[in-house]
Amino acid sequence: MATKFQCELSWSASRAKEFDRCKREYWYNRYASWGWWTEKPRGKKYEYMIHKNLTGLAAFTGTCMHDAIEHWFQLKAEGTVMSGKELYEDAVERFRDGWRVSSDGWQAQPNKMVHLYDHHYEIPISKDRAEKMRELLERSAHYFCEHDDLIPVRAATPESWLSVESMDTYQYIGTKVYAVPDFAYSDGDKVHVWDWKTGTPRQEDHFQLRTYALYACEKWSVDPEDIILHASYLAKGETTLISSSIEELSQTQDVMSSGIREMMDVHYDPDVDDLMMENWPPNGDEQACHWCNFRGVCEKGKE
Ligand code: SF4
């Protein structure tokens, strides 16, 4: 018998951030478009799905770099090493392809294809802004391929790799938790977890990396003291070691637990349960609303 596809509660560091930032945004992302594929004729759910899939220019540029690095690893596993120039060109090609699709073509598969926030809301992208993205890719590729900080990553042999950009989940207090460490490898008893960042360093990165440490403990049965977390700010050209003591991981679990419980309190199954809109107030601040994917459909975003 086929398993029923259900809208289940799941947690990730980015979902938690969204939940804290604005309940209505979280609702749009997690519930509002649920079942759009069965909606006939297409209506609100389809429209919400289109908004859910929008991506900002900087985030898209970061994705291009991540995808190009994943390709770097694929080639390395096959015995070929890309140079910094080749990695940059690979990322630029992905950027150009995505831009083309976002300008014209995303409608073919709006839940999968690149659709830039700026194109959707008809915000002109200046040459200066586009050039900044190009420079970001160039600096990131150069740092990844040439800098001494990344020698351990480049030198790690494919036999030692534990994970390369693979999305995985584990159960925590009965909830599916998503973890996508960009790169993890073992070195003796130690497990090194790397995360590529194309933005600027933020305190919340520490929390995110520690959730990956919890994943590493669960997935590879490694002791917390044997996990080494690296936040690698590619465009900035620096890598930071993030501590992951037992106390810090325990605090991380506490924050996760209380966040998951808050989400559980309002979670519902859109196929079965009544929608209680009062659980999802539009409480984004002005800045959040300005950059929110849903500003075109949300009453507050339209103000
Ligand atoms: S536009 Fe503002 S209030 Fe509406 S969902 Fe987005 S962040 Fe929340």
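See the structure shown above.
How each quantity is defined
Residues numbered from 1 in each chain as written. Predicted model: local features only at pLDDT ≥ 70, side-chain atom pairs only at ≥ 80, totals over all residues. Heavy atoms only, no water. Near = heavy atom within 4 Å. 1 Å grid on protein atoms, 1.4 Å probe; cavity = no way out; pocket = protein on both sides within 12 Å on 5 of 7 lines; lining within 4 Å. Sits in = over half its atoms within 2 Å of the grid points. Helix = DSSP H or I, 4+ residues; strand = E, 2+ residues; numbered from the N terminus. Buried < 20%, exposed > 50% of the residue type's maximum accessible area, 1.4 Å probe, protein only. Lys, Arg positive; Asp, Glu negative; His and termini not counted. Salt bridge = Lys/Arg side-chain N within 4 Å of Asp/Glu carboxyl O. Contact = heavy atoms within 4.5 Å. Pairing = 2+ DSSP bridges. Expected span 1.5 Å × (residues − 1).

**Q** I'm lost on the site of the ligand in this one. Help?
**A** Neighbouring the ligand are Cys 22, Arg 24, Glu 25, Tyr 28, Pro 282, Gly 284, Cys 289, Cys 292, Arg 295, Cys 298, Lys 300 and Gly 301. The pocket occupied by the ligand, as judged from atoms lying within 2 Å of grid points, is the largest cavity. When residues of the shell around the ligand are assigned to their parent elements, the largest contribution, three residues, is made by helix α2 (residues 23-32).

**Q** Is there a simple way to think about the side chain of Glu 165 in this case?
**A** In this fold, Glu 165 is placed in the loop between β2 (161-164) and β3 (168-172). Buried charge Glu 165 goes without a salt bridge, the closest partner of opposite sign being Arg 94 at 10 Å. Setting aside anything within four residues of it in sequence, one finds Glu 165 in contact with His 66, Glu 70, Val 180, Pro 181, Asp 182 and Trp 196.

**Q** Sorry if this is basic, but what is going on with the pairing of β3 here?
**A** Two faces belong to every sheet, and in a regular strand the side chains alternate between them. Relative to strand β4 (residues 175-179), β3 runs antiparallel, the two being bridged by five bridges. Bridged to Tyr 170 within β4 is Val 177. Turn length for the β3-β4 hairpin, with the two strands adjacent in sequence and antiparallel, is two residues, and the turn residue Ile 173 shows positive phi of about 35°.

**Q** Would you mind showing me how to read helix α10 (residues 246-266) here?
**A** Every α-helix carries 3.6 residues per turn, so stepping three or four residues along brings you back to the same face. Over its 21 residues, α10 extends 31 Å from the first C-alpha to the last, a length consistent with the 30 Å expected when each residue adds 1.5 Å. Along α10, the residues that are buried comprise Glu 248, Leu 249, Thr 252, Met 256, Ser 257, Gly 259, Ile 260, Met 263 and Val 266. Turning to α10, the residues buried within the fold contact β1 (10-11), α1 (13-21), α2, β3, β4 and α9 (204-220).

This is a description of form; function is not addressed.
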